[in-house]
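# Tertiary structure, described
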Amino acid sequence: MRLPRPALIATATATAAAALLLTPNGAVADPTPGPAPQSAPPVREGSGLSDLSDRAAARAPESTTDRALTAPVTELTDGTGTAGGTRGYPREQVLTPDPENPADKSIKLGLTPYHAIAPKLNALQRLGNRVSVEVAGRSAGGHRLYLVTVTAPESTRQARAQERMRELIENAPSAAAKDPSVKRTYKTPVFFNNNIHGNEWEGTDAALKLIEKLATAQDRSTTDLLARNRVYFNITANPDGRVAGTRANANGFDLNRDFVTASQPEVRAMRRIAIDKQPAVMVDLHGYVNGTLIEPTTPPHGENYEYDLFLKNTYANALGMEAAVNGLGYTPAKDGVEPAQIPFRDQEEGWDDWPPIFTPQYMPFHGAVAAHTVEFPMAVNNDEYDDLPVTELRRRSAINVAIAGAAMRASLDYTQANRTSLIADQIEVFRRSVTGAAQVPVSPETVPGVPGIGPEDVYTTDFPRAYVIPAGAKAQRSATAAARLVDHLLANDVQVRRATKDFGLGGKTYAKGSYVVDLRQPKRGMANVMLADGRDISDKVSVMYDISGWSLGRLWGATVDTVRTSKLSVPDRAVHEAANVGYVAPRGTLRLRLDDAREIAALNSLLADGVSVRRAADGSAIVPASARTRAAALAKKYDVAFDATKAAGTAPLHRVRVAAAVTPGELFALREMNFDVTPVSTAILNAGFDWSKADVLFASAGLNHAGLNTAARAALGAFLDREGLVGRGATGAALNAAAGLLAVKPVEGNGDANGVVRVVNSAGGVTSGAPDHSFVYAPLWFTDLGPGVRVEQSYAAGNPLVSGHWRALEDGSGGPAQAAGRASVVSGPHAVLFGTEPLFRDHPKGQFPQVARALLTVS
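Residues numbered from 1 in each chain as written. Predicted model: local features only at pLDDT ≥ 70, side-chain atom pairs only at ≥ 80, totals over all residues. Heavy atoms only, no water.

### A few points about the overall build of the protein chain
What the protein chain contains, in helices and strands, is 27 helices and 36 strands. Reported as C-alpha extents along the three principal axes, the dimensions of the protein chain are approximately 80 × 65 × 55 Å. By the burial criterion, 59% of the 859 residues in the protein chain qualify as buried. Residue pairs at least 24 apart in sequence account for 79% of intrachain contacts in the protein chain once pairs closer than 6 positions are excluded. On the protein chain, roughly 30100 Å² of surface is accessible, and the fraction owed to carbon and sulfur atoms is 52%. With 89 positive and 89 negative side-chain charges, the protein chain shows a separation of 7 Å between the mean positions of the two kinds. (Helix = DSSP H or I, 4+ residues; strand = E, 2+ residues; numbered from the N terminus. Buried < 20%, exposed > 50% of the residue type's maximum accessible area, 1.4 Å probe, protein only. Contact = heavy atoms within 4.5 Å. Areas by Shrake-Rupley, 256 points an atom, 1.4 Å probe, with all protein chains shown as cover. Lys, Arg positive; Asp, Glu negative; His and termini not counted. Charge placed at Lys NZ, Arg CZ, Asp CG, Glu CD.)

Structure follows, in structure tokens:
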């Protein structure tokens, strides 16, 4: 049995980038030793720090949203326009320098500002024939994303041979395991990801130093390393945040929470690297936890991994990194640096690898058998950045650069020493997947050499045989949602097939055109982590680091059926993109359903163009025949259908101008739906806001009624009296109470609770036709409903939690049993209040129309 592990020691501080940064208690201390401060449990995004979060949302320009939504997912480019796997190495190009920016926050720390990176990479390429630079994309703020490859030179023929072996490992793993050329000549891919949190800078500088060493060293160890491995560096995954000194990118997104959704272009670039390069080993460099934190993690462990292979390699590599970091000689007394820690060994819970939203928890689904977050120790951001002397900041940054470099070098040593077994284990991951083999539970016998494995570390899943995404109007609430889901699966390298004839499966009949996701494929873990319901893990651990439940099948608005039959015989063909569902009826008045975010976006485009649109009794939009040309353009752009109808509609719909005191994710989602949004906050209202520019207020974060001055409070009250409020969470409920709009009593659940919940929707209102599942984070419900209050949605009876982590508080309140059957969404003449999180991090796509309908109704 494992010895009891101390709880994760971390304190949380918010940044202006709308997210949280775990900082160690010791990281801010002077080098002089002293008593350790009291520890605190992890605090996650959304836990009452929205006033700070809002400042980033209120600054985010609309152009960044547009850039994030429209940035193409392209091949890696080496400057010649040639696709990634078809040319040899080196792939050199001369990068145009960026304008010098003296405001770059890196400069104060003595680190490399973003504008100096391109010249540095140009110089590194000139050092010899080992360094190549490719542009992986652009950030939300427009900065280039650089992927550097360091390896021994390869001819085009050799590079193509490497790509053939990579594809063999993924798609024909049994053959790859027997192929002597794979064992002899395949280069192990190693990936170092740096600076994904913009104000955790030092990984970038350590990477540049290591690249220079690898480019110039002539010792046999280095030449052998580069002959047998490819080393990839994402120089800065978040240049927007690096420049601005923020955790998040220019859209206010924590990129290390976005991998399931991939709403941001930086994450889509990292996804492309994962698919194209297929790393066996990856390290994600972060700060700041003292002593240096090196994963593997505490339970719960992702149930869709081949965790026995993952733990074997990740723990062994962690030991090597620990030895290298401690071997630098830093001490608590002399430097303020504590010894390194490995959560799996040293902690009990609170730093898990359960959700696939983090980089190292996403990479195993593409074949990584060792993947780590490494948190270097010495805090230099937030208050420290502002308050400490420059000399102290630079001392700390230098220590972090050295520690990051030691971790990377140790990982290369581990890779070189174990390259044959690493590739064999990667092959085995894919072999189990394509053959449908069972997972191997971890134990002292199955993972020898890893101490302390206990039953608390065993997480496996029962993979179904397949998933079906049915075709046909009767089978799908939204064909647009189904197509989006299919395209998202394909973008994550999940194989999808489409039926060429009607077929029967698992006791059901499906129409031609239905999509089938056979789980006997290389990326079965990826397919299952996205489409499965997930698991209620409330009884497994007392605290989680971040979200615990997600399900594209439940939250994205598409119907997804689970198939558990042993045989799968479907007349189908592989597809590379979803079939278009965009359509415009050739004659007559048109009807646009409003069940999907893209349909809302199309509606708002029509309204912005001055098209006269009316609401139908079923909540859809009636579009005049005269707008057919415009409808055709929108059908193509958003992949939505305009059907023929004889309905005339009732009330006219108008363009809604939204004043939004919201989180960055909510602001992004509103703009994704083409709402005309003006961000507001307590500070903005106190400075004087022209309410004539708004038709409705959406409030969920950063607006404190008690913090408003007299003039701002009066102006807000007058606006709410004549217009209305859409509120979400505790902030929305508090504003409703202050304005006296809806007579309800809000009840706050456990602030740590989150996940996918079952809900019951009322007919004819803002949730009419909505999915019967929603998402919660710090859930809220409403009791003591007064006259005129309508229940739009309720939490389901029994235990509403499907997957995630939701416990009652110590006094027995705040749990799912207390929420069961209670109103989760309520409305009245001038307000709609949500106790759920329908726009959370731009993720639960199927819930977006609920907010849109609320805004259209209230305004």
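### As for the side chain of Ser 794
The topology assignment puts Ser 794 in strand β33 (residues 790–795). Ser 794 sits in the buried class, given a relative accessible area of 16%. Excluding residues that lie within four positions of it along the chain, Ser 794 makes contacts with Arg 758, Val 759, Val 760, Gly 821, Arg 822, Ala 823 and Ser 824.

### Topic: the pairing of strand β35 (residues 823–828)
For β35, the buried fraction is high: 5 of the 6 residues fall into the buried class. Of the strand pairs in this sheet, β33 and β35 are connected by 4 bridges, and their pairing is antiparallel. Each bridged residue has a counterpart across the sheet, and for Ser 794 the counterpart in β35 is Ala 823. Looking at chain direction, β35 and strand β36 (residues 831–834) are connected through 4 bridges and run antiparallel. In the strand pairing of β36, Gly 828 is matched with Ala 831. Counting the residues that bridge the hairpin from β35 to β36 gives 2 residues. (Pairing = 2+ DSSP bridges.)

### As for the environment of Thr 188
Within the fold, Thr 188 resides in strand β5 (residues 188–194). With 597 residues separating them along the chain, Thr 188 and Leu 785 place their C-alpha atoms 62 Å apart. In contact with Thr 188, not counting residues within four places along its chain, are Arg 228, Asn 229, Arg 230, Ala 280, Thr 415, Arg 419 and Ile 423. At 3.2 Å, the side chain of Thr 188 and the side chain of Asn 229 are in polar contact. (Polar contact = N/O pair within 3.5 Å; in protein donor to acceptor, adjacent residues only side chain to side chain.)

### Considerations on the sheet that holds strand β13 (residues 497–499)
Taking strand neighbours across the sheet as the criterion, the 5 strands line up as β17-β12-β16-β13-β18 in an open arrangement whose pairing is antiparallel. In this open sheet, the two edge strands, each paired with only one partner strand, are β17 (561–563) and β18 (572–574). Along the sheet, successive strands turn relative to each other by an average axial angle of 30°, direction set aside. Here strand β12 (residues 466–469) runs beside β17; their pairing, made up of 3 bridges, is antiparallel. The residue bridging Ala 466 from the neighbouring strand is Val 563, located in β17. (Axes fitted to C-alpha atoms, helices over the stretch in contact; angles between N-to-C directions.)

### Brief notes about the confidence of the model for the protein chain
When pLDDT is averaged along the protein chain, the result is 92; 92% of the residues meet or exceed 70. In the predicted structure, residues 1–54 sits below a pLDDT of 50 and forms 144 contacts with residues beyond four places in sequence or in another chain. (pLDDT = per-residue confidence, 0-100.)

### A closer look at helix α16 (residues 390–435)
Taking 1.5 Å of rise per residue, the 46 residues of α16 would be expected to cover 68 Å, yet its terminal C-alpha atoms sit only 57 Å apart, more than 12% below that figure. The largest bend along α16 reaches roughly 80° and is located at Asn 418. Within two residues after α16, Gly 436 carries a phi angle of roughly 75°, on the positive side. (Expected span 1.5 Å × (residues − 1). Bend = angle between axes of the 7 residues up to and from the residue.)

### A word on the nonpolar core
Core analysis: the biggest nonpolar cluster contains 140 residues, and Leu 121, Tyr 146 and Phe 233 have the highest contact counts within it. Residue contacts for Leu 121: discarding those within four places in its chain leaves Leu 95, Val 133, Tyr 146, Val 148, Leu 208 and Ile 235. Leu 594, Leu 653, Ala 660 and Val 696 belong to the second largest nonpolar core, which has 50 residues in total. (Core = buried A, V, L, I, M, F, W, Y, C linked by side-chain atoms within 4.5 Å.)

### Overview of the pattern of salt bridges
If the charged atoms of two oppositely charged side chains come close together, the side chains can form a pair. Tallied over the full model, the rule gives 44 salt bridges. With its nearest N and O atoms 2.9 Å apart, the salt bridge here joins Arg 395 to Glu 392. With Arg 395 and Glu 392 both in helix α16 and 3 residues apart, this pair spans about one turn of that helix. A relative accessible area of 24% places Arg 395 in the partly exposed class. Overall, the relative accessible area of 14% leaves Glu 392 in the buried class. The partner of Asp 595 in a salt bridge is Arg 593, with the nearest N and O atoms 2.4 Å apart. Relative accessible area serves as the criterion here: at 12%, Asp 595 is assigned to the buried category. Here the salt bridges do not stand alone but share partners, grouping Glu 200, Arg 247, Asp 254, Arg 257, Asp 546 and Arg 841 into one network. (Salt bridge = Lys/Arg side-chain N within 4 Å of Asp/Glu carboxyl O.)

### Description of the sheet that holds strand β6 (residues 229–234)
Spatially, β3-β4-β6-β5-β7-β11-β8 is the arrangement adopted by the 7 strands of the open sheet, whose pairing is mixed. Two strands close off the open sheet at either side, each with one partner strand: β3 (131–138) and β8 (293–294). Where β8 meets strand β11 (residues 370–376), 2 bridges bridge the pair, whose relative direction is antiparallel. The residue bridging Leu 293 from the neighbouring strand is Glu 375, located in β11. Strands in contact with helix α11 (residues 307–326) are β7 (281–287), β8 and β11; relative to β11, the strand with the most contacts, it is inclined by about 35°.

### With respect to the environment of His 576
By secondary structure assignment, the location of His 576 is in the loop between β18 and β19 (583–584). His 576 sits in the exposed class, given a relative accessible area of 75%. As for His 576 and Asp 487, which are separated by 89 residues in sequence, their C-alpha atoms are 8.1 Å apart.

### Comments concerning the packing of aromatic side chains
Applying the stated rule across the entire model yields 21 aromatic pairs. Judged by centre distance (5.4 Å) and plane angle (35°), the ring pair of Phe 192 and Phe 233 falls under tilted. Of this pair, Phe 192 sits in strand β5 while Phe 233 sits in strand β6; the two residues are 41 residues apart in sequence, bridging distant segments of the chain. Owing to a relative accessible area of 0%, Phe 192 belongs among the buried residues under this scheme. Ring centres 5.1 Å apart and planes at 40° place the aromatic pair Tyr 305 and Phe 365 in the tilted group. Within this pair, whereas Tyr 305 is found in the loop between β9 (298–301) and α11, its partner Phe 365 is found in the loop between α14 (359–362) and β11, the two being separated by 60 residues in sequence. You'll find Tyr 305 and Phe 365 in the same group, each marked buried. Three or more aromatic residues joined by ring pairs make a cluster, and in this case those are Tyr 305, Tyr 307, Phe 310 and Phe 365. (Phe/Tyr/Trp six-rings, centres within 6.5 Å; stacked < 30°, edge-to-face > 60°.)

### Some details on the pairing of strand β28 (residues 725–728)
In β28, alternate side chains face the same way, and those of Leu 725 and Gly 727 on one face and Val 726 and Arg 728 on the other are all buried. In this structure, strand β27 (residues 696–699) lies alongside β28, joined through 3 bridges in parallel fashion. When the sheet's bridge partners are listed, Leu 697 is paired in β28 with Leu 725. For the segment spanning β27, helix α24 (residues 710–722) and β28, crossover handedness is right-handed. In this sheet, β36 lies alongside β28 in parallel orientation, the contact comprising 4 bridges. By the bridge assignment for β36, Leu 725 is matched with Ala 831. (Right-handed = clockwise from strand over helix to strand, strands pointing away.)

### Remarks on the environment of Arg 524
Here Arg 524 is to be found in helix α18 (residues 524–531). In this structure Arg 524 comes out as buried when scored by relative accessible area, which is 2%. Residues contacting Arg 524, with those up to four places away along its chain left out, are Glu 306, Arg 432, Ser 433, Gly 436, Ala 437, Ala 438, Gln 439, Phe 463 and Leu 519. Within the structure, the side chain of Arg 524 is placed 2.8 Å from the backbone oxygen of Ala 437, a separation counted as a polar contact.

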